[in-house]
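Listed here are the chains, written in short residue letters.
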Amino acid sequence: QVQLRESGGGVVQSGDSLRLSCAASGRTFGTWGWFRQAPGKEREFVATVGWSGASKEYADSVKGRFTIGRDYAENTSYLQMSSLKPEDTAVYYCAASRRTSTQVEREAYDYWGQGTQVTVAS
């Protein structure tokens with residue numbers, strides 16, 4: 001059974017940094033993605049990394065502040081977030097796809113984690 005489990009969420013101050021991790025069990029994946037959903041809003045794309053690890057894409061709102069990565073040995077993905085802003089407050093979800101190229105659409109992902117709350121206080 002495939003499972004994704006996020007960790008690392010919490011409450012931080014504006015300007016702080018936070019690192020989210022996502023561990024997968026059951027199989028390896030070609031592409032990882034991170035999405036977020038704020039109250040009353042749709043789930044939106046944040047970042048994705050392809051199979052090579054070198055190909056990455058970011059939402060404009062987080063470009064230059066967030067970094068996505070993957071660890072093949074541990075079968076995990078991480079999202080390093082810095083210079084956090086109150087508008088980054090949301091539930092963050094990791095997602096995994098059997099595809100090998102970067103994916104920005106939710107429909108491209110086959111598995112999802114349960115989400116972890118990130119709250120940025122002003």
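Described below are features of the structure shown in this document. Bear in mind the structure is a predicted one, so any value in this text is a computation, not a measurement.

**Re the packing of aromatic side chains**
For step 1, the next point in the chain: Tallied over the full model, the rule gives 7 aromatic pairs.
For step 2, the next point in the chain: Ring geometry for Phe35 and Phe45: centres 5.8 Å apart, planes at 75°, overall edge-to-face. Here Phe35 is found in strand E4 (residues 31-37), whereas its partner Phe45 is found in strand E5 (residues 44-49), with 10 residues between them in sequence. Of the two residues examined, Phe35 and Phe45, each falls in the buried class.
For step 3, the next point in the chain: Through a chain of ring-to-ring contacts, the aromatic side chains of Phe35, Phe45, Tyr109 and Trp112 assemble into a single cluster.
For step 4, the next point in the chain: Positioned above the aromatic ring of Tyr93 is the side chain of Arg43, whose terminal nitrogen or guanidinium carbon lies 3.6 Å from the ring centre.
For step 5, the next point in the chain: For the cation-ring pair, Arg43 lies above Trp112, with the distance from its terminal atom to the ring centre recorded as 5.1 Å.

**A closer look at the sheet that holds strand E7 (residues 66-71)**
For step 1, the next point in the chain: Strand order across the open sheet formed by 4 strands is E1-E3-E8-E7, with antiparallel pairing between neighbours. Because the sheet does not close on itself, it has two edges, and the strands there are strand E1 (3-7) and E7. In this sheet, adjacent strand axes meet at a mean angle of 15° when their direction is disregarded.
For step 2, the next point in the chain: Across 6 bridges, strand E3 (residues 18-25) lies against strand E8 (residues 76-81) in antiparallel orientation. Looking at E8, one finds that Leu18 is bridged to Met81.

**Some details on the pairing of E1**
For step 1, the next point in the chain: Of the two faces of E1, only one is covered, namely that formed by Leu4 and Glu6; the face formed by Gln3, Arg5 and Ser7 stays uncovered.
For step 2, the next point in the chain: Relative to E3, E1 runs antiparallel, the two sharing 5 bridges. In the strand pairing of E3, Gln3 is matched with Ser25.

**Considering the environment of Glu44**
For step 1, the next point in the chain: Looking at where Glu44 falls in the secondary structure, it is placed in strand E5.
For step 2, the next point in the chain: In this structure the C-alpha to C-alpha distance between Glu44 and Ala59, which are 15 residues apart in sequence, comes to 8.8 Å.
For step 3, the next point in the chain: Sequence-distant contacts of Glu44, defined by excluding residues within four places in its chain, comprise Phe35 and Arg36.
For step 4, the next point in the chain: Reaching out from Glu44, the side chain makes a polar contact with the side chain of Arg36 at a distance of 2.7 Å.

**Section: unusual backbone geometry**
For step 1, the next point in the chain: You will see that Asn75, though not glycine, has its phi angle at about 55°, which is positive.
For step 2, the next point in the chain: Looking at the element boundaries, Asn75 is found in the loop between E7 and E8.
For step 3, the next point in the chain: The class for Asn75 is buried, based on a relative accessible area of 13%.

The rules behind the values
- Residues numbered from 1 in each chain as written.
- Predicted model: local features only at pLDDT ≥ 70, side-chain atom pairs only at ≥ 80, totals over all residues.
- Heavy atoms only, no water.
- Phe/Tyr/Trp six-rings, centres within 6.5 Å; stacked < 30°, edge-to-face > 60°.
- Helix = DSSP H or I, 4+ residues; strand = E, 2+ residues; numbered from the N terminus.
- Buried < 20%, exposed > 50% of the residue type's maximum accessible area, 1.4 Å probe, protein only.
- Lys NZ or Arg CZ within 6 Å of the ring centre and 35° of its normal.
- Pairing = 2+ DSSP bridges.
- Axes fitted to C-alpha atoms, helices over the stretch in contact; angles between N-to-C directions.
- Contact = heavy atoms within 4.5 Å.
- Polar contact = N/O pair within 3.5 Å; in protein donor to acceptor, adjacent residues only side chain to side chain.

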